[in-house]
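As a plain string of letters, each chain reads:
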Amino acid sequence: MSFGQQGGPPSQWDPWKPQSQQPWSSGGGETPDWAALAEASEIRNRRRRLFFIVGGALATVAIGTAVAMAVVSASGGDDEAAKPTSSLPAAAIPSATGTAPSFAPTSAPPPLDPKDFIASKAKDTAPLSAKILYPGTQLTMGSTVYKKGTTSDTKNCAAADTVQASLGKILKANGCTQFMRVSYTKDGVSVTVGVAVFDTEALATKAKSQVNTKKDIVKSLSGGAVKPFCNSAICRTTSNSYGRYAYFTIAGFASGKNVTEKDTAVFGIGNNLAEFTFRQIHRRGEAQASTAASR
């Protein structure tokens, strides 16, 4: 049995048609035209390269157009923002040479000094008495409570029942205008404080400097809760001044016992009442300074 060729005319091969075929024979037919095949392949390669070049150029143009459109679209809403800095109004650029804001100086006056109001009669005009300076019926210093006795008040600073004669002489010579006394006691230990008032601080300071605390002393004041003391016994005495005031203390035992350096209770009551007197005089200055500042 033999196989013969199919009928019909032989197909014409076209290198650009995928369905065309180049006739060849598995037998002893004609040999393929290799030169023609190589030429056709080269033509296809050239066309493919040309397609890629043209397509790339078109894509680049399309991308550039899209970017340009995006830039125009983004800047179209605010023409001022798209302008270069040099074209903006001068006010839009902060100036480093601008003047700093200025503030008016404060006109609040300095606080008033309380001591100024207790340094002279001219300013120290508030009411004054022993009961005003030493109010109440007792005095608490820390955890210690002293019972208050009686008070005395006189314009005769050299009165014999108020001070020793030598102290009265000093007070009178320096123009003392008022002398106040008050007494306190605790557990059989008592103290009397005497306060001399002068017209100026200078006179009070001078009087204090002339006092000898061993002989120029204030007399003790008894009455109320305070029994007589320091009438003949040795007692502890002090003197000091602040502003236009000079103040003196005498402290000792109600039993009449002499005071020694070991008697800390006597020293304590004397020191506490001297400190309290200083504070009361200072508070007097504070109150008057506050009143003057509020006017």
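Draft legend 1. How the structure looks around the state of the cysteines. Inspection of the entire model under this criterion finds 2 disulfides. In this model, Cys-157 is linked to Cys-176 through a disulfide, with the two sulfur atoms separated by 2.1 Å. An S-S torsion of about -70° defines the bridge between Cys-157 and Cys-176 as left-handed. With Cys-157 in the loop between strand E2 (144-154) and helix H4 (165-173) and Cys-176 in the loop between H4 and strand E3 (178-186), this residue pair connects regions lying 19 residues apart in the sequence.

Draft legend 2. Representation of the packing of aromatic side chains in the model. Applying the stated criterion to the full structure yields 2 aromatic pairs. Note on Tyr-134 and Phe-276: the rings are 6.0 Å apart at their centroids and 45° apart in plane angle, and the pair reads as tilted. In this pair, Tyr-134 sits in the loop between helix H3 (130-133) and strand E1 (138-141) while Phe-276 sits in helix H6 (residues 264-293), placing the two residues 142 residues apart along the sequence. Judged by centre distance (4.5 Å) and plane angle (55°), the ring pair of Tyr-242 and Phe-278 falls under tilted. Here Tyr-242 is found in strand E5 (residues 236-242), whereas its partner Phe-278 is found in helix H6, with 36 residues between them in sequence. Judged by its relative accessible area of 12%, Tyr-242 falls in the buried class. In this structure Phe-278 comes out as partly exposed when scored by relative accessible area, which is 34%. Between Lys-123 and the ring centre of Phe-117, over which it is positioned, the NZ or CZ distance is 4.9 Å.

Draft legend 3. Quick peek at the confidence of the model for the protein chain. Summary statistics for the protein chain give a mean pLDDT of 80 and a share of 63% for residues scoring 70 or more. Here residues 19-29 scores under 50 on pLDDT; set against residues more than four positions off or in separate chains, the count is 13 contacts. Of the regions scoring below 50 in pLDDT, residues 65-88 engages in 4 contacts with residues more than four places distant in sequence or in other chains.

Draft legend 4. View of the layout of surface pockets. Here the largest pocket is characterised by a volume of approximately 250 Å³. Together, 15 residues line the largest pocket, and Ile-217, Cys-230, Ala-233, Cys-235 and Ile-250 are the ones closest to its centre. Here the lining of the largest pocket is composed, by residue class, of 7 nonpolar, 6 polar and 2 charged.

What counts, and where the lines are drawn
Residues numbered from 1 in each chain as written. Predicted model: local features only at pLDDT ≥ 70, side-chain atom pairs only at ≥ 80, totals over all residues. Heavy atoms only, no water. Disulfide = S-S within 2.5 Å. Helix = DSSP H or I, 4+ residues; strand = E, 2+ residues; numbered from the N terminus. Phe/Tyr/Trp six-rings, centres within 6.5 Å; stacked < 30°, edge-to-face > 60°. Buried < 20%, exposed > 50% of the residue type's maximum accessible area, 1.4 Å probe, protein only. Lys NZ or Arg CZ within 6 Å of the ring centre and 35° of its normal. pLDDT = per-residue confidence, 0-100. Contact = heavy atoms within 4.5 Å. 1 Å grid on protein atoms, 1.4 Å probe; cavity = no way out; pocket = protein on both sides within 12 Å on 5 of 7 lines; lining within 4 Å. Points joined across faces, edges and corners; volume = space filled by probe spheres on them. Nonpolar A, V, L, I, M, F, W, Y, C, P; charged D, E, K, R; others polar.

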